[in-house]
Structures are given as structure tokens and as C-alpha cells.
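Chains, contacts and geometry: an overview
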Amino acid sequence: MVYKCNKRVYVLLLIVLSPLLSLAQQRITGRVFNSTDHAPVKNATVSIKNAVQGTTTNDQGEFSIAAGKGQTLVISSVGYLTEEIIVGAASLLNIELKSVEDNLNAVVVVGYGTQKKVNLTGSVATLNMRDKENTPVTNVSQALHGVSGLWVNQAGSKPGQDVANIRIRGVGTLNNNDPLVLVDGIEYNLNEIDPNFIESISVLKDAAAAIYGSRGANGVILITTKTGKKQKPEINYSYSYGIQKATYLPDVVWDPILYMQMKDQALINEGKAPGAVDYSPAQIDEYKNGMATDPYIYPNINWFDQVLKNGMLQQHSLRLSGGSDKVVYNIGLGYMDQDGILIAANHANRYTLNVNVQANVTDKLKVGANIIGNYRTYTEPPFGAPSATNYYFTRLMRVLPIFTPYTADGRYGSSVFTTPGRNTIENPIMLLKEGSNEHRTERTLAKVFAEYTLPFNLVYNVNFAVDKEDGFAKWFVPYVVTYNPKTGVPNNYNIIPASNNYDANNLNLTLYQTLNWTKTIADKHRVSVIAGQSYNRYDVNNFQAHIEGYFDNTLTDLNAGSVNPAVSGSSTRDVLLSYFGRLNYSFDDKYLLEGIVRADGSSRFAPGRRWGSFPSLSAGWRIDREDFFHSGTISLLKLRASWGKLGNQAVPLYSYLNTVNLGYDYTFNNAVVPGAAVAKYNDPTITWEKTTTWNGGVDIGLWNGKLNASLDVFQKRTSDILRTVAIPQQVGGLSGPAKNVGSVDNKGYEIALGYQDAVGKFKYAVNAQVSYVKNKVINLNGETIIGTRRITKEGYPIDAYYVYQAEGIYQDQQEIDNSAHLSNAVKPGYLKYADLNKDGKITGDDRIITGSSIPKYNYGFSFNFSYEGLTLNAVFQGVQGISLYPTANLASPFNNGAGVTKNWVTDSWTPDNPNAKLPVLTTTTGATENFQPSTFWLKDGSYLRLKDLQLKYDLPAKWLQRVTAKKISVFVNANNILTISKFKDFDPEKDITGDTYYEYPTLKTYSFGANVTF
Amino acid sequence: MLVFLSILTICGCSKNELDTQPLDRYTEETYWTTEKNATAGLTGCYAALRNAGVYGGNATVLWEDAATPNAYDYGNSNGFSLIALGTQTADNAGTGTIDAGIISTRWRDCYAGIGRCNTFLAKVDPVPMDDALKTRMKAEAKFLRGLYYSLLEMYYGGVPLILDAPDLQSQGQLPRNSRAEVVQQVLKDLEDAAAVLPTKYGSADKGRATKGAALAVKARVLLFEASPLNNTTNDVNKWKVAAAAAKVVIDSATAFGYGLFPNYRSLFLPANENSQESVFDVEFKIPELGNSFDLIDRQYNTNAPLRDLIDAYNMKDGLPPAQSPLYDATKPYDNRDPRMYQTIVYPGDTYIGAVTTATSPFKITGYGVKKYSIYDKEANSNLINQGFKSETNYMVIRYADVLLMYAEAQNEAQGPDASVYNALNLIRQRAGLNPYLVPAGLSQSQMRDFIRHERRIELALEGFYYLDIRRWKTAEQVMNVTIYNSQNQAILTRSFNRDRDYWWPIPQTQRDVNPNLDQNPNY
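Definitions and cut-offs
- Residues numbered from 1 in each chain as written.
- Chains lettered and ligands numbered in written order.
- Predicted model: local features only at pLDDT ≥ 70, side-chain atom pairs only at ≥ 80, totals over all residues.
- Heavy atoms only, no water.
- Contact = heavy atoms within 4.5 Å.
- Buried area = accessible area lost by both parts, 1.4 Å probe.
- Salt bridge = Lys/Arg side-chain N within 4 Å of Asp/Glu carboxyl O.
- Helix = DSSP H or I, 4+ residues; strand = E, 2+ residues; numbered from the N terminus.
- Nonpolar A, V, L, I, M, F, W, Y, C, P; charged D, E, K, R; others polar.
- Pairing = 2+ DSSP bridges.
- Expected span 1.5 Å × (residues − 1).
- Buried < 20%, exposed > 50% of the residue type's maximum accessible area, 1.4 Å probe, protein only.
- Patch = residues over 30% accessible without salt bridge, like charges linked within 9 Å, V, L, I, M, F, W, Y side chains within 5 Å.
- Areas by Shrake-Rupley, 256 points an atom, 1.4 Å probe, with all protein chains shown as cover.
- Lys, Arg positive; Asp, Glu negative; His and termini not counted.
- Charge placed at Lys NZ, Arg CZ, Asp CG, Glu CD.

Attention now moves to the interface of chain A and chain B. Contacts between the two partners involve 95 residues from chain A and, on the opposite side, 98 residues from chain B. Between chain A and chain B, roughly 7,800 Å² of surface is buried when both sides are summed, and carbon and sulfur atoms account for 57% of that area. On the chain A side of the interface with chain B, the three residues burying the most area are Tyr666(A), Phe668(A) and Gln730(A), jointly 11% of the side's total. Measuring nitrogen to oxygen at the nearest pair gives 3.2 Å for the salt bridge that ties Asp512(B) to Arg847(A). Ranked by the residues each element gives to the side of chain A that touches chain B, the list is headed by strand S28 (residues 563-587) of chain A, at seven residues. Looking at side-chain class alone, the side of chain A that touches chain B contains 44 nonpolar, 39 polar and 12 charged residues. For strand S32 (residues 659-662) of chain A and strand S1 (residues 25-27) of chain B, the ladder comprises three bridges, and the chain directions are antiparallel. Among the inter-strand pairings, Val660(A) is bridged to a residue of S1(B), identified as Tyr26(B).

What follows is the structure, given as C-alpha cells:
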């Protein structure tokens, strides 16, 4: 402290005195630090351009040099981009050095250890979270958009539930495709950590994941949290505030008169008699006249405007870190507050505590602890739990323009006219404002570790972690009634108020220990061996309680209910026991070899089929280090190759057991009697899925790291895939078993390019990556899995679409009579399907396999420009070669009493508009012939999006002195503001297999904030 | 070092560590060991009755009349409107459209029931338990298996006949057996069951299959065999067999405790469940195991009666409107067969305390349904508006049906003898017609028409008429029509392809996974 004060005085003196010292040569002092973590850069060279003077920085990164105004200071250090600064009035400089992205010392987390990036033999993508700093990322999964080889799909931005789906190198299985996620070496959940506390993320994409054996087949995401550094205490605080809006919403016909006329026309078009339409001419006239005088009975509104508003997002993050030779520490506090775009029932909060401490107890013993405490809450509408938000959107997508929000006396309105199919008027405002649905999840990951150096350079490391999750949800389904705005007649929406509690109580234990031995022999042979053992136990417990019989909507506790109590719950245990080892050998850093083996035993399989072993081998060749290779230009040239076998055990528990399940109850004498039945046909012989992966790659660095490129070519073959297969229902109507049914290939390549340079004070960096993956089912044992509109079949990608081939629109009856047609209800203006097998009928045999549920290309590119303290960063991201199949409410017209979108006004077929884009206007329910799965409704879901645009200003050093801050940045962000896609009815980044618009919309965010370091 | 040791300890017990067992279900190997478990297994066989493809779901049985001239479903619930339009296909039965559809769910759910019965019958023998009870329970399972197979053969024709516990390898690719083979097995199961089942149960077991139930379902199966659809040569012997089967039940009515319930309206109310008229019913109970009858009848109106059904109701003197002096065209709903008022809500009727009109509250056709609903003229604030909140049992077979089956078969077998008149008069007397006696001296053909009409009225909107118009082969006439609402406005035109629509298609999803399943003609 004394030192600090002294320095402050010194600094102050300098500031005060500097105007007096206006000599030709002034004494310039400063401090050079690393832009990544603000650590001081020692031994950096500080020289004056075109002059001989020079100095180097001390251990604190400080320097002092005499220089004249107008001269240029050149600051350089190995692994950093060189900085040039023109000497001005300021005599005290804070200089930030940007590390060269692929600098030679960069270390990458690879699972049970780290490796130098240049020595990697596998394919590992890394993300430095500094690149995402200050962006409005609410879930760490969103930060992975644009990482090479990853398909990140965030279906909607539900506050509190906005984790993205991540697929690494395609879709390898028909089963669970989620990658394994580890935080500081412990399996954990992406939802339960504040992105602000993450230092870096490594993604193991190939055989390198074999160290995680049976959980590695879908790739492994290794998250490393921020830790303290040997430095003076540092406080970092950041804040951002954003406004959010939906990117896309269906373009609905809100004009009530037009809506009613279209509905009637649709019914007539599909064969209904004019007298039997939904709205009589008299009713339409009544509405038309009424609109002018009574907005309560005859509203003319945009319902989306009634239930949507601007969302708000704010995040605070406070971090204290520092350390000495003995102890380093890091304490972080995070807070997120998000209020979504619905007027109610979509609020999320997250409170995070992150503590890291490490102590060198003796020279040989190091111990540490790491605690991540995450508490998050979010609200949802009360109806339709557990997926209440999606349920709400099924209701909102059904709202009709003639629905009344509120009656004249302020009660919830229904609708002046009855609409067939719409018996229960789900007033969308009411569904948000009444009742409650709160979720609270508290999750703590506590890890302790010790590392002891044994004789012979052996290092023993033991880690024990407890991951405890307490999830609680409570939803009260209220008593709600709507009233006819004209007659006041009530319409019961729900007259049985009920309360529900759900509690999840999960505990995951991880214990792993490793022995590590590293030795360098004759200065050239480097050997590193790790052997380890691990134990994972997952206990999942939950229960749910339900009760009815509430007086009103005020008391909502379970205790306030009185009738029809019901409970359910379960508890399961799942154990994984493993042994693993890794050997790394390198000769002169030129020839690199790595071998991994892991043996896993899992309780998910029958005895005798529990153990599997997963080996991998990889090698690298640093050509640039060869004597024969001399190039001033090429600073890195490395060839890599890897092979490995990985596993996947993610089948539901007890899939191997044939079980008799309870719950098939029946009533005798008006009393419920418990019943039991076999529900599922199980296969006791199931075992691991195995993924064999090959990877070949080349890494190139040019001009001392200014240009970096890498290319990877890979093939992944997953065999013995576990999937529930459909079996003929004649076999007891049972659902099919999970079976090891076949194999799937993913082949592809990844290219990543980065270039960074500076022109004077203007610095720029451009990065681009593209990955291609071709998915193909190789073998399904001759079986074919056919769903409603998808198929998984040998020779085709997983979940390809299986639909009729639409051949346009029938123009007249004669054309219908002359071709095979689906049914005798087909009329002119209906869709025509190809009779591919020429049997004169349109049957299931006429379907074709087309389209894809997996994008062929994932790509991204980014630009970073900076000039002095000003930085502009733009990140683009896109997918190409994916299909979407939107159906049901608002995706097809008048579905089951729902409304219609505007394209049907102008683009539907009529005899006068024979070349229309859409068939004749009908209801979906009444003209099923037009809404059979067909190529007509299959849409291209490719898109390119400006994911993030950030303008940041780092306040100049001289201003910082006055507030004794090391660094202050202010920034503005725009997220998801521009999307280019042929698909315009909804955000194309949607739930791929959901096939509806029943999703919380994807949001765009405009935010601003500040980031301060003291 | 201590840590190291503790870890070694964990490794030591690793073998046991990987043995985890489910705590919410039994493993099949050890399940069939106690009487209690066997009883629960049999309950599971009954539970399939509540599936949507059988007699459960929301209101499958009420929607079935929407595939007949009795009713109209604007919402295509369970796909019955597609069947009414004659636009059902093997695909829209199961894939792609809004609703999974009865054509796919009936197949699935009947086989679910069959599979559970087969499992029960295969596994129960070694279970240590009371032998008499075991024998009875096996008879119950056979009854249920016969009932499930009868539904399959009556709608799809021949289906794979599987009598062993579910086994994918041996059963998955079996082709369809002939309908005759299936019928033969159904009759065998029902006879086996009838030989063992009690005529009555103690109160705790009310709802289980009885001897009478097995015999009555057998009569229904035989009547279907004797009917024109399946008896193309009009083999009188088939009618005789059918008549005899129904007569067994009628002759034992006293012994079995069967009779007509005095009040037609309240027969369909929860208070009178398991009455003397109920031969076999599907039991519902709220809140756990309800149906949606009240919701469908009152609110959804997806079984909206059609003008055609209203016109079918005679006047209360038993004469058709055109012949009766009681008919007044300005008051068309006055003085009709009392069963109409107990079945249907019509414009001008009072319903839940309010007078109805042609568009309110029943906008679809102007008519609503009272039968199987608790709602009637009286005001009621408990307006059920959620699914599965009603508990009225559904009568799969009731004594009036047995009487009508007998009358029909006997008239075909022997002509309109006194026993035919007696059976009909009982029903018409209970209905409150005045005079209720069937006019004397009807020819066999006149009696046939009379019985068919009586059947339509007595069983209106209970889900039997679709089967009737198919087995009579009259669907090709009565379904190729335009349907009308209460104001005689056309709603739409239906069609029925006589070469195709008498049988349902085999769902495409099933032919996808079992290519050995042949399709029915012209699908």
C-alpha cells in the first residue's frame, strides 16, 4: 500500500510539473500492459523511431525514456503486435499491447491439462471471451456463434431460457447430439454460468476428445473461468443496458373486415355453401359500422402491439482479482436483469458468484478451490407448463383480429361473434397478466483440488467437485373468464384454478485424479505422460405437486388448495467410472505425437456391455522448424493428422431393461385402480455408440503471425447408433426400442483465415471461417425411420424431408380429372402432386426425399478496426443449405380457427390470378389436400446475419489518471440487427424440427455501456 | 495419501457402483410374481379402452356420428370429417395432417390393448394366486382381446392376428390374416370368456366384463357378419346365428339383471351409470380419468346434429311428420318423438337457462347435443370448458341395443314375428311414444326399414350409426349427399365411394414399417 501511495504522489507530481518541463526533450514515462488481461509486459522494447535511444520495461511493465514532441515511440515485444505512438503533450503513457492471435506461447486447454497451441496435433477451436466482451450475450452458448466447425442454433430468445443448440461437426447420431460441456474440468451446464466470468473456451472437435471417452463423440466444450494473476489488486466493473425487439413476426391480416371476408371466401373455396360460412354479410356489416363507434365491441387493432413492448436487458459485472507468489485470487459478482418483449411473464434475472483461489502451500503442494454459484429466475405465462412460453405462442398465433382485449367496463373481452373452432377465447393479454409461473434455479459448482509434486518429477493432482442443483418452479393457473363485449355473456377460460410446484434436486459428483510426468531428454525429446482415473455420479431427483380448489386468484400456495391433489416424482442414479491416459512426445518441437486411451464403464447398459474403450492417435509435423525450410515469410507451417474412437452413452436410463410401467389405471366402481403395462419394447443388448474420427489439417502463419490460416478435413463415422426405432404397432402397440441400429457419416472441411495489421494508428483485423459438413446415413440395418414429414434413410442425411413433390397449382377441373389426385375434394386452385410411381394415385409411395434439417455450411466473418481508442467490431454469421417446414397457425391459413397472413391477400390463386404463388385460399383444416407435406411448403432456411456490431471507445490514458483508473471503455452495440434470408415470415434461426411459429421470437438488441478497470 | 486411499476404496466397490435400478417401474423379469401385480396387469388391459382410438380420448365415440348423416364436425376431430367427406387416405390417416386421425389411432390403440391382453395371458399362469380368480381374470382378458380385435375387423377388415405376448422378431412383419380368421378368433375369445365370467360382480368390481357382456358383444360381431356388407349372398343362416346370439342375452335378462332403464334422458347421466341397461361400459372418473363429453356437446359442438337427423325423428304419435296430424310446419320441433328432446338441443329450446336460436349458442348447424352431457334446460354455472373433466361412463353395449340387434336379425331370419314386435315395443314404450306399439302387419321389408329407423333414433349420436350404415350398405346412398343446417341452408356436399369407403385404409405409417401389410382395395 505504501508503495502504491508513493507512486500516486509521483504520478501527481509529474502531472503538475509537466507543463513546466516544456523542453525539447521531455522525460516520458509509461506502463506497457497486455491488452488481454492487463498484466504488465516486461522486457518490452521501447525505442524512438529512426533514432538510437531505447529502453526496456521493468517487471511492472514500466519504462522511462527521453523523447521530443513529434517523435514516434515504437513499443514491441515478442508475441505482441508492435505499437507506435507519437509523442505529444502527455508525458505519462499507458500503452496496451495486443497479443498476436496465434502467438507462440498461447496455451490451450485440452482436457486434464493444457498444451501450447503450436504443439497441438488435434483440431481444437478456441474462443477468447475477450472477443465477446461487452456484447449483450445472455448465455455463453450464444458466444459460440461463428466458431469454426460449430452450428449454433438459438431458437428464440426466451428470457432465462435462451441457451442455443450446439452441434460440432454435423449431426453424428440419431440420439443426443449435445456436446459435453466442462467448466474448469467438471461437467456442467451452459445455463448456469455468467459469460462475463469466462476467460476462454476450447472446443475439441476431433480425436482430441477421446480423453473424454464415452462422452466425447459430439465434441467437447471446455470452459475456463477467469482466475487471479500475480499482480496488484485490480477491480473491473462493467455495465451494459440494452433495448430489445423481435427480429421477425408473422405479417398478419389485422383488418377485421378483410379477415372476415377472407375467412368466408376460404370456406366457400373449399366447398362450403355460402349460407354456411363463419360470418354472415349482416355480421360483417355490423362490424364495419360498429368499428367507427365502439372500439370495445368492434376492435380494429394489431394484437401483437397489444402484447408486445420493447424488451430491456441490463448486466452488471464486478470482479476483484490479484495475487502474490503464494496466493492468487479472483472474486466475481454478476447480475443480469432482463425483461422480455411480452408485456408480462417473461422476466429473467441471474445472480452469479465466482470465486477462484489458489495457494502454493509449500514448494510441492498447491491447493485451490473454485466456486461458481449461480442463481437465476425467470417467469413464464401460467398456462401450458412446463413449456408455457411456447404454449403461449401457440395461443398468440391463434388470436383473431375480431377479438376484444377489454370490454367497455374493463373486463377481459372475448369476441362479439362466435367463430367455429374458437370456443374458448384465449384473450392473449389475459394469458400473460393473470396467474403466475416462476422458475428459480440455484446451482453451485464447488471444486477443490490439490497438486503435489512427487519425486522423479511426478505430479499428482486430485480434483473433487460437487455440482448441486436446486430447481424450483411454481405456477398458478388462475380463474379466468372472458366476456362477450356486446352481450356480456361470460366464457369460462378456466374455472378450475390450480397450483403446481415442481422441485428438482440434483447432485453430480466428480472425482478425478491424475499422475503427470514430464521430462525433457537431451534438450530435444520432450515426453509428457498423464494417467488418471475418474468417477462421475449423477443423482436426479424431482417431484411435482398439483392441487385444485382455490377460492380465488389471490392465495396461490399449495396449502391454500383443497381438492384433487396429485403428485408425481422420480429419482435416478447414473454412474460413470473411467480410466484414462495420454502420452505426448515431441522431438525438437518438430515431430509431435499424441496417444490417448480411455476406458469408461457406464450404468446405462446391461452388465457385460458396460465397458468400452476409446483410443486415439495423432501426430504433427512442424515443417517450419526443419533445417531445410527457411522462409522469412512463413513463420508457421504445421501438418496435423489424427484418428480416434469416441463414444456416446446418452440414451435414456434403463433403456436396456424391459420394464412394466405403472400409470395404466382404470376405474372400477368409480374408484381409480392402479394398472400396469409394458409401454416400450426394449433391447437388452444395447451398448455404446462409437464414433471413429479422422482429421487432417494444416496450420500456416505468415509474416510473423499477421496472417493465420488453418484448414482441416475430417470424417466422422458414428456406428452402433442408438435410437428409438418405430416398430409395427401390431406388436402390442408398443413404442419402439432404443437399438444400436446403424451408422452415420459426417464428412467435411473447415477453413479459418485471419489477418491483422496496422497502418499507422489505424489497426485492423479480418477473420473468416467456413465449415462444410455432409451428413449421410450409411446403414440403418435396412430400416427406415419415417416421421410426419421427415425420413432417416440409408444414403440420405439424417432427418431429410420426405414429402410429396408439388407440381404447381391445378388450373381447372379438366386438369384434375386428367391426373392422379389426392382425393375427390381436390378443386381448381389446389396443389398438384407428382404421381411418381405412375400408379394413377397419390399415395405415400409418391413422396420424395429432399431438403435437409442440418445446414451444409456454417460460416462467419468479422472485421475489427481501431484508431487510437476507437474500435469498430462487426461479426457476421450465417448458415447455408438448410430447410424449414413451417406449419399450423399463421404458417398456413385459418388453421383450426386461427387467422391468416397478408401474403394470402395478394398471392393466392384465383381464376383471375392463375400464376399465383400460393394455392387458392382455403382453411387448413378444411382443405387438408393442400397442406399435406409437400415440397411446396418446404422453405430455404439459409441466412446471413450481422450478429454483432460494436463501437467502443477507450478513454485516453491522460483522462484515466484523474480517476486513477487503468482503463475505461464506453461502447454501443447492435445485435442481430440485420438478417438476410429468403425466409421472411419468421426468424430463420428457429427450432429446426419444431415446424411451427410457436416460439419466443429471436430478439435484436441495441445496447450501450461501460467497462472500467481500476 | 489419505485422499488417495479413499479414492481406491471407491474403485474397489466399482462393480456395484454401476448397478443402478429404476425406482419407478418394475423389470419385466420379476413383475409377474404376485396376485397384486397380475391384477394391475389386467387393469392395464382395461386401460386401453380409454385410449383415443378405442372408446376414450376426448370423445371419440361422440365424434364417430360426424361420419354419418346424423352429425357434422367442422373441426375434423380425430379425422372423422375426412371420412365423412370420403377423402380419407392411408396417409392422412396417420401422417402430415393436423390430426393423427382415428384411422391411425384405432389401429395403434386396439393393438396396444391386444398386446397387453396377450402379455397377461402369457404371463399369468405361473403367478401364485387364487385359481378361481386367475381363471376369471383370464376370461376378462379374453373378452377384452375379442373386443379389441372386433373393432379392428369391423373397420379395417383382416388384420394380423397375434395371440402371443409382443415379440418384434416373430410378429413385426406378419401380414394381414383374413377377416374370417380374425372373426373366428374373436368369437372364440368371447365364448371362452362367456363360459367363465360371472353374471355380476360385487360392487368393488363394478365395470368388469361379465358373461352378459361377452355374449352381447358376440351378438354384435355375428350381426355384423350377417349384414349385407359381409353377407353378400344373404345367407339366412348367418342371421339365425346372430338372432340366436342376441336371444341368449334376452332370455337371460332376468338372471343377468338386464332391463331398460325407465328414463331415456337420465340413462346417460353420471347418476345412473352401471344401471340395469348397461351391458358393458367404459368407466370414466374425474379428475384422473375423465372424458370430454360435456365439452364436446356444449362448447365445441363438433358433433353438431344435422337437419337430416332432426327430420328422421317421427312425431310423438309414432308417425312420420308428413303423415302425422301433429306436425305443424311453422313449429317443426313441436310434438316430436320424446327422444329428440332428450337427445338434441334445437333452435327455440331452452338450454342452460337461455333460449337458443339458429346461430346461438350452436352456430354450426343450429343444433346441439344433450345425450351423454350433464347440461340440459336448467341454468348451470359450472360450465366445463376443459378436456377430460367429465365422467359419464360410455356404454359400449346397452340392453336396448341387444333388443334392436335381436329384432333386426330375427326379422331377417324368420320374418317379423311377435318376438320382433315385442323387442321393439319395449324400446318404444320406454321412449314415451303414444301410441308406442309398432303398427301390426308390416312386411319383412317394411319391418327392416322400421327397425333401421328405430335403431337410428334410439342410438342416435352414440357412435353406432356409422357401423350400421356400412353393414347395411346404405352408406353409398345416405353419405353421397349435401348436408344442411337447421335453416335448411346447405353446408357442404359429402361423398362416399362404394368401391372403397366401406373399409378404412391400413395406415401408411404401418405399411412403411411392415411392407407385408396389403392395402385395402382402391386406396
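Following the structure, the description resumes.
With antiparallel pairing, three strands are arranged side by side in an open sheet as S35(A)-S32(A)-S1(B). The two strands at the open ends of the sheet, each matched to only one other strand, are strand S35 (676-677) of chain A together with S1 of chain B. The pairing of S32(A) with S35(A) spans two bridges and is antiparallel. Along S35(A), the bridge assignment pairs Asn661(A) with Ala677(A).

Residues and elements named next belong to chain B. With 18 residues, helix H10 (residues 179-196) ought to run about 26 Å at 1.5 Å a step, and its terminal C-alpha atoms sit 26 Å apart, in line with that. Those residues of H10 that sit buried are Arg-179, Val-182, Val-183, Gln-185, Val-186, Leu-187, Asp-189, Leu-190, Ala-193 and Ala-194. Those residues of H10 hidden inside the fold are in contact with helix H8 (131-156) and helix H11 (211-226).

For the rest of this paragraph, the subject is a positive patch on the surface. Taken together, the side chains of Lys747(A), Lys774(A), Lys776(A) and Lys856(A) present a region of like positive charge at the surface. Note on placement: Lys747(A) falls in strand S40 (residues 743-759).

What follows is about the environment of Asp523(A). Note on placement: Asp523(A) falls in the loop between strand S26 (498-521) and strand S27 (525-548). As a C-alpha pair, Asp523(A) and Phe587(A) span 64 residues in sequence and 9.1 Å in three-dimensional space.

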